[in-house]
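# Structural characterization, general
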Amino acid sequence: MPVKEEGTILIHTENIFPIIKKAVYSDHEIFIRELISNSVDAIKKRKMAAFAGDCLAAENEKINISINRELKTLTISDNGIGMTSDEIKKYINQVAFSSAEEFLEKYKKTDDGFIGHFGLGFYSSFMVAEEVQIITKSAKKDSQAIKWKCNGSPQYSLDESNKEEIGTDIILHLMEEEIEYIEPSRIKTLIKKYCDFMPIEISLEQEVINKMNPPWRESKQSLKDEDYIELYKYLYPFQGEPLLWVHLNTDYPYNLQGILYFPKISGRADWESGEIKLFCNQVFVSDSIKEIVPRYLLPLRGVIDSPDIPLNVSRSALQSDRRVKSIGNFISKKLADKLKSLKKDDPQFYADIWDSIAPFIKIGAMEDEKFADQVRDLILYSTTKLSDNNEELTDLIKSGSKTFTTLDAYKNRLTNENNKILYSTDEVSQSTALNMWTSQGKEVLKLDTVIDTQFIPWLEDKNKEINFVRVDSELDESIKDDSPEIADKDGNTKSEILKKIISSALNNEKVTVQVQNLKGDNSPPSLILLPEQMRRINDITALMEQKLPGLPEYHNLIVNSNHPLIQGLLKLKSTQIVIDGSSKTDDGQLASDIAIHVYEMAKLSIGGLENKDIAAFQTRNAELLGKLMQKFV
């Protein structure tokens, strides 16, 4: 067959192939996405042309991939609209036709690897092929089939072909180093990754590979819960079922569809990389979309599909793009709306999943003012408050062993004038102080997640009228018995005597001993309190040094003179305890040992004893019990 035409590809083509192979695409496998996307476009164009009466419609829209191991070729065939010789010259030889030179120059300068490579489309095939052939027949009436061939240099040939069916075959003669792409399993994997939800049937050696029919393109009314769960399990196998999902669909001021899921997260979520999959017209683009959605939503899973997200710009440009910011705000609002309706319509379920969704909401509120306003009334707090027969509290929600409330509901129940909100961060280590408060009928919020150390100051900043005080920070006047004390014949009160006994035994100027008569049978013999702001500074310092918070050298020891152990310690005074340290009776030494024991118990209850000190504490504890047994048995 005579050569119809030979020529040179336009627009500085001596640079195009190195750019394609080295600069534009960081991953060679992208070629399969590009070529199949072109085939889908061609099929859609034929369908539109047939609808207008300009050509015959395809009997069965399809894309087929075939492999020839002997020739080391990979062929992608479609029955789309095809091309004439003039169209090949226009769309293939001129490289994206208009502004291609600027397009290539842009990719010389950018370091971004994955964003926006649809523009080069067909030429991505030269990343893996040493020669590419196009055999195509246009759907236009009486069109001659054409064969285009290029070996990766600026030279090409254009011949007539005997192809009878309308459509296009792209034949890739693979390079030796890219021979992996004649393996069926490799091609199947790539189709599943990039083209699984394309609307056209894709076959490999006559076996249909892709799933098609993406649920996010359907209306919410046409989908059942099972459909959403099926998609989640398909996208994220072995991850169980999602907690809830949000269906996104808008066509103004941008086109966007998608489904986002709240997953059941075990352990720490990944707040940096994310697992949301970005599609463009049902073509997978990336699962790294931290420039598109707010950071606090990155641990969500699911799909965002939009042709209006700019894909051929740098990441820094994406972050400042007004449309992208608008898309992020739209997604956040839709999620907030979903949570609002869920809390209103099914508060029990909302409380059941609260611990799993709380990090998203709290971090989002701290990072996004608009989102904070939207979720203000959606934030729950675990509380020690329980409903009783004499009080109907409709703002409490029971979930398992926990009871939840809102901040506004807690504030409405406050009786103190200074709007002090009691909270606990660890029920175990703070159990002594926690029990002391709850035994007095005080309501305590349980803020026991890592994020709460930053969330509490944020709440205080947003609610100037309140202040958060941890249960082991200070004492309230309501739990103190301020009855006047009677002094002994030497003018000393019981509190003054106890303070001298314990201070002398500890012999530590960094520990300030305070004696209080505390109400309640559950009040401890002693406890160590740190002022709220001092403790916060201590916690932040430990966090910056990447260690657990310790007990500061300077701290207060509160001794409860109402506790039987402390009262027994006071009685030992009557056996002539010498306080100045020069000499001690047996009872005096026993009182000193008890005083030290009281202090160490207070340290132990807040984790103030290091591992190396616990063994010594146990030894001294056994010795003390032995002395007491000898005295009273």
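### Side note on a negative patch on the surface
Among the surface-exposed residues, E485, D488, D490 and E496 lie close enough to one another that they form a single negatively charged patch. Note on placement: E496 falls in helix 14 (residues 494-506).

### Things to note about the packing of helix 14 against helix 16 (residues 564-571)
Between two packed helices, the angle of one axis relative to the other and the distance separating the axes together describe the packing. Remark: helix 14 packs on helix 16, axes separated minimally by 10 Å, with the N-to-C direction vectors making an angle of 85°. In terms of their interaxial angle, helix 14 and helix 16 are classed as roughly perpendicular. Residue-level contacts link K494, I497, L498, I501 and I502 of helix 14 to I566, L569 and L570 of helix 16.

### Quick notes on the environment of T384
Looking at the secondary structure, you find T384 in the loop between strand 15 (381-383) and strand 16 (397-399). Classification of T384 as partly exposed rests on a relative accessible area of 22%. Along the primary structure T384 and K446 are separated by 62 residues, whereas in three dimensions their C-alpha atoms are 7.7 Å apart. Not counting chain neighbours up to four residues away, the residues in contact with T384 comprise L434, T438, K442, E443, V444 and K446. A distance of 2.9 Å separates a polar side-chain atom of T384 from the backbone nitrogen of V444.

### Quick look at the pattern of salt bridges
Evaluation of the coordinates by the stated rule reveals 33 salt bridges. Ionic pairing is found between R186 and E180, a salt bridge with its closest N-O pair at 2.6 Å. Since its relative accessible area comes to 22%, R186 is described here as partly exposed. A residue is classified by how much of its surface remains accessible, and E180, at 33% relative accessible area, is partly exposed.

### As for the sheet that holds strand 14 (residues 301-305)
Strands sit in the order 10-11-14-12-13 across an open sheet of five strands; the sheet is mixed. At either margin of the open sheet sits one strand with a lone partner, and together these are strand 10 (244-250) and strand 13 (283-286). Strand-to-strand, the axes of this sheet are offset by a mean angle of 20°, without reference to chain direction. Bridge analysis of strand 10 against strand 11 (residues 256-262) gives seven bridges, and the strand direction is antiparallel. Bridge pairing in strand 11 links L244 to F262. Of the strands in this sheet, strand 10, strand 11, strand 12 (275-280) and strand 14 are in contact with helix 6 (residues 225-235), which crosses strand 11 at around 80°.

### Quick word on the packing of aromatic side chains
For the coordinates displayed, the defined rule picks out 21 aromatic pairs. Taking 5.5 Å as the distance between ring centres and 20° as the angle between the ring planes, the aromatic pair formed by F455 and W458 counts as stacked. Residue F455 and its partner W458 are both found in helix 13 (residues 452-462); the two are separated by three residues, about one turn of the helix. Ring-pair connections join several aromatic residues into one group, and the members of that group are Y194, F197, W216, Y234, F279 and F284. We note K211 situated over the ring of Y234; from NZ or CZ to the ring centre the distance is 4.5 Å.

### Concerning the side chain of Q430
With respect to the helices and strands, the residue Q430 is situated in the loop between strand 18 (420-424) and helix 12 (431-438). At a separation of 3.0 Å, a polar atom in the side chain of Q430 contacts the side chain of S424.

### Examining the environment of W354
As for its placement among the helices and strands, W354 is situated in helix 9 (residues 347-367). Residue class for W354 comes out buried when judged on its relative accessible area of 2%. A C-alpha to C-alpha distance of 8.6 Å links W354 and I379, two positions 25 residues apart in sequence. Excluding residues that lie within four positions of it along the chain, W354 makes contacts with I361, K362, L378, I379, L380 and F404.

Conventions and cut-offs
- Residues numbered from 1 in each chain as written.
- Predicted model: local features only at pLDDT ≥ 70, side-chain atom pairs only at ≥ 80, totals over all residues.
- Heavy atoms only, no water.
- Patch = residues over 30% accessible without salt bridge, like charges linked within 9 Å, V, L, I, M, F, W, Y side chains within 5 Å.
- Areas by Shrake-Rupley, 256 points an atom, 1.4 Å probe, with all protein chains shown as cover.
- Salt bridge = Lys/Arg side-chain N within 4 Å of Asp/Glu carboxyl O.
- Lys, Arg positive; Asp, Glu negative; His and termini not counted.
- Charge placed at Lys NZ, Arg CZ, Asp CG, Glu CD.
- Helix = DSSP H or I, 4+ residues; strand = E, 2+ residues; numbered from the N terminus.
- Axes fitted to C-alpha atoms, helices over the stretch in contact; angles between N-to-C directions.
- Parallel < 35°, antiparallel > 145°, perpendicular 65-115°, else oblique.
- Contact = heavy atoms within 4.5 Å.
- Buried < 20%, exposed > 50% of the residue type's maximum accessible area, 1.4 Å probe, protein only.
- Polar contact = N/O pair within 3.5 Å; in protein donor to acceptor, adjacent residues only side chain to side chain.
- Pairing = 2+ DSSP bridges.
- Phe/Tyr/Trp six-rings, centres within 6.5 Å; stacked < 30°, edge-to-face > 60°.
- Lys NZ or Arg CZ within 6 Å of the ring centre and 35° of its normal.

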